[in-house]
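Residue strings, one per chain:
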Amino acid sequence: MGVTCQECSSDRFISSYSVWFNSLLSHLKNPASSRIVRVASCTSISDLLTRLSRFLNTKKDAVSHAAKVILPIIKLLEEDSSEALWEGIVHLLSTVVILFPAAFHSNYDKVEAAIASKIFSAKTSCNMLKKFAHLLALLPKVKGTEDSWSLMMQKLLISINVHLNNFFQGLEEETKGTKAIQRLTPPGKDSPLPLGGQNGGLDDAAWNSEQLIVSRVSALMLCSSTMLTSSYKSKINIPVGSLLSLVERVLAVNGSLPRAMSPFMTGIQQELVCAELPTLHSSALELLRATIKSIRSQLLPYAASVVRLVSSYFRKCSLPELRIKLYSITTTLLKSMGIGMAMQLAQEVVTNASADLDPRSVEVDAVSNKNMSLTNGAVLQACSKKRKHSTNSGVEAENSAFEVGVPHNHSSSPITLKIASLEALETLLTIGGALGSDSWRERVDNLLMTTATSACEGRWANTETYHCLPNKSTTDLDEFQLAALRAFLASLVSPSRVRPAFLAEGLELFRTGKLQAGMKVAGFCAQALMSLEVVIHPRALPLDGLPSLSNLFPESNSLASQKHNTPNPNKLNGIAHDGDDLCNKWLANADVPSNNAIQRTLETTLPFQETKRLKVGNDLATVTSLGVQDPTDMVASENVQQADVPVQVPEGSLGQISDKDATAPQDGYVEVVSGTQEGEDYVVKDSLMEEASIGKRESLDESDDDSIPSLKDDDFLSDSDAES
């Protein structure tokens, strides 16, 4: 029937759905129906209502049909203890809440009480606890108002704190629980009814078992996390302060006994509490992550408390499962809060990731639930051994079984923990790499290069390399290599004051991976090579590490280079941002031959006929050393021209040389003296201006052996210029 409801034509479904629904509902109400028939009926009704929700003209009739299902299945939920039937009922109720929330209006309190009773029951398994928690988180959508959501969250937090009062008895101050509950009740308002109504409290069997208490508390925390991360039509008011106080209360308990409480708790009780603490802490961390994801940047008023909480727990947490959650929380914080959060958590993330990515640690498979039990067993064994040789006065120090420092050298780090730490470092470099101080940026770059090389070198993730790694799976190595390569790429492309130190190693690694790795890793390596193009060919060089001009030209004999040998820092900044003129400005301080040496070179290298054809202006040059502002440093070079009439430049003006298209320097004069007969030696004159505004010219002797300031490379005559 369920398949028929899904696959039949629209006309047949519209004409027959009412008959089918009544037939299925009769099987649910009939006490003689077998359990398997009831389970199948719940599933088929869910399929029928799902198909019916697609027709807009039957919405009213669909709500009426859905409302008929609520009371029969609530009765089945209370009477039958079959988990298979419970699962079918939860699936059906979830379908009705999502598609037809109006069907719950008259039975809202009954549904809440039935779900809460199953969560508090000692007979409910952990798997069903999660399903009931998800269903309970959907109930505020029935009314769709802010008050309904706030009331459900208030009931959950009060119930959690009540359970913790019993669980933490003797492990914390008695006033903590009382203050936590008082904080949840606003002044002047009555405390809400317990979750599920007056009869929704925890039964006697659960109060006597620490394991059951933790299971129920974990289910209630999961319900709260689901409510925080689900979408709602109306605006909701999240009690951030109460949520953070609850998380801080749970994480503060480490299993050690205060000195005043030592005589009132037996060793067995303490062992049972320590065995359940990792599970409870894991649920608290999930609640913290859900809180951060729900409000993101609006967490700013509580940012200091969150940073303090995460940093302190990083220092005392050593279980891989909890550290993975901490890295996930850190990544969420960095993405939500940005550069400000990166500045606060950078040192903590780098320190812990360096310990977890220690190359000397042995890689093992991801930790499973069995390993979690082994970890708890080790905690219990440690408590038992310590209790045998410790007195009551030393219990506080000796029985701190769960709170341990982060070891400097892990004997083994799960691959999942390494992947989580690599993702946290990748996020840190992406968001806060530009502000990375020298205290950790260089260390992180080196760590990521080493990790990526060791993860990929000699054993790229393909099926041919697994004969020597029997305990590894293709997925594990793929994910670890991808995480290492992503973090290494983030290190190379992250903004920095200097160029990447391991760019060559990165290019070689990605090129090798592109050719040798499996399809997934090879695809990422190819994408990484394209991303590195901006690093290989930057638009501007980094400011740090720019070579000094004094180091390039240490021995300069010219007057200009001796005077301006040390570059101005402001000029260096200009050089860094103007790549086109970089080479020309560096060559401005190069030593060049003297005036007579240039003339002798021209006479010996160029034929006489080519020398005759030189035009005025082709070899004009104005020498300006780097940073020179004084017009007296501007000197005109030699000019040779064959003409019958001397070319004159008017006094007191700056202009062009007539008849020859040669432009004179703006800050000085050039005097050109022509010969009277062809074949005679040309008379070369130089002109030196004392001030730019003086228009008076002064002729020099025919022979001038004084050296002139430095010339640029483009001031020398080339063969092409001579031929022209």
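Bear in mind that the values here come from a model prediction, so they are computed numbers and not experimental data. (Residues numbered from 1 in each chain as written. Predicted model: local features only at pLDDT ≥ 70, side-chain atom pairs only at ≥ 80, totals over all residues. Heavy atoms only, no water.)

Together, I339, M343 and L435 make up an exposed nonpolar region whose accessible area comes to about 300 Å². Relative to the helices and strands, L435 resides in the loop between α20 (415-432) and α21 (441-456). (Patch = residues over 30% accessible without salt bridge, like charges linked within 9 Å, V, L, I, M, F, W, Y side chains within 5 Å. Areas by Shrake-Rupley, 256 points an atom, 1.4 Å probe, with all protein chains shown as cover. Salt bridge = Lys/Arg side-chain N within 4 Å of Asp/Glu carboxyl O. Helix = DSSP H or I, 4+ residues; strand = E, 2+ residues; numbered from the N terminus.)

Okay, the packing of aromatic side chains next. Considering all chains together, one arrives at nine aromatic pairs under this definition. Centroid distance F13 to F55: 5.8 Å. Interplanar angle 15°. Geometry classified as stacked. With F13 in helix α2 (residues 10-29) and F55 in the loop between α3 (35-52) and α4 (59-79), this residue pair connects regions lying 42 residues apart in the sequence. Across the pair, exposure class does not vary: F13 and F55 are buried alike. Of the aromatic side chains, those joined through ring pairs into one cluster are F13, Y17, W20 and F55. (Phe/Tyr/Trp six-rings, centres within 6.5 Å; stacked < 30°, edge-to-face > 60°. Buried < 20%, exposed > 50% of the residue type's maximum accessible area, 1.4 Å probe, protein only.)

This next bit is on the nonpolar core. Across soluble globular proteins, nonpolar side chains show a tendency to be buried alongside one another. Residues L333 and F510 are the most contacted members of the largest nonpolar core, which totals 160 residues. With sequence-adjacent residues up to four places away left out, F510 is seen in contact with L485, F488, L489, L492, F524, C525, A528, L529 and L532. (Core = buried A, V, L, I, M, F, W, Y, C linked by side-chain atoms within 4.5 Å. Contact = heavy atoms within 4.5 Å.)

A separate point is unusual backbone geometry. Positive phi, normally seen in glycine, also occurs at R296, with a value near 50°. With respect to the secondary-structure elements, R296 resides in the loop between α14 (267-295) and α15 (303-316). You can call R296 partly exposed: its relative accessible area is 42%.

A word on the packing of α15 against helix α17 (residues 339-356). Between α15 and α17, the shortest axis-to-axis distance is 11 Å and the interhelical angle comes to 5°. In this view, α15 runs roughly parallel relative to α17, as classed from their interaxial angle. Here A303, V307, S311, F314 and R315 of α15 come into contact with α17, specifically with M341, Q344, L345, E348 and N352. (Axes fitted to C-alpha atoms, helices over the stretch in contact; angles between N-to-C directions. Parallel < 35°, antiparallel > 145°, perpendicular 65-115°, else oblique.)

Glancing now at the confidence of the model for the protein chain. Scored by pLDDT, the protein chain comes out at a mean of 74, with 62% of its residues at no less than 70. Predicted confidence is poor over residues 463-471, with pLDDT under 50, and the contacts of this stretch with residues over four places away or in other chains come to 11 contacts. Counting interchain partners and residues more than four positions distant, the pLDDT-below-50 stretch residues 610-712 has 156 contacts. (pLDDT = per-residue confidence, 0-100.)

Time to look at the environment of V350. Mapping V350 onto the fold places it in helix α17. Separated by 90 residues in the primary sequence, V350 and W440 have C-alpha atoms spaced 7.1 Å apart. The residues contacting V350, other than those within four sequence positions of it, are L425, L428, W440, R443 and V444.

Before going further, it helps to spend a moment on the pattern of salt bridges. Per the counting criterion, the structure on display carries 10 salt bridges. It is possible to trace a salt-bridge network through shared partners that takes in E286, R289 and K325.

This paragraph deals with the side chain of S94. Residue placement: S94 occurs in helix α5 (residues 83-99). A relative accessible area of 16% means that S94 is categorised as buried. Excluding its chain neighbours within four sequence positions, the residues that come into contact with S94 are L135 and L138.

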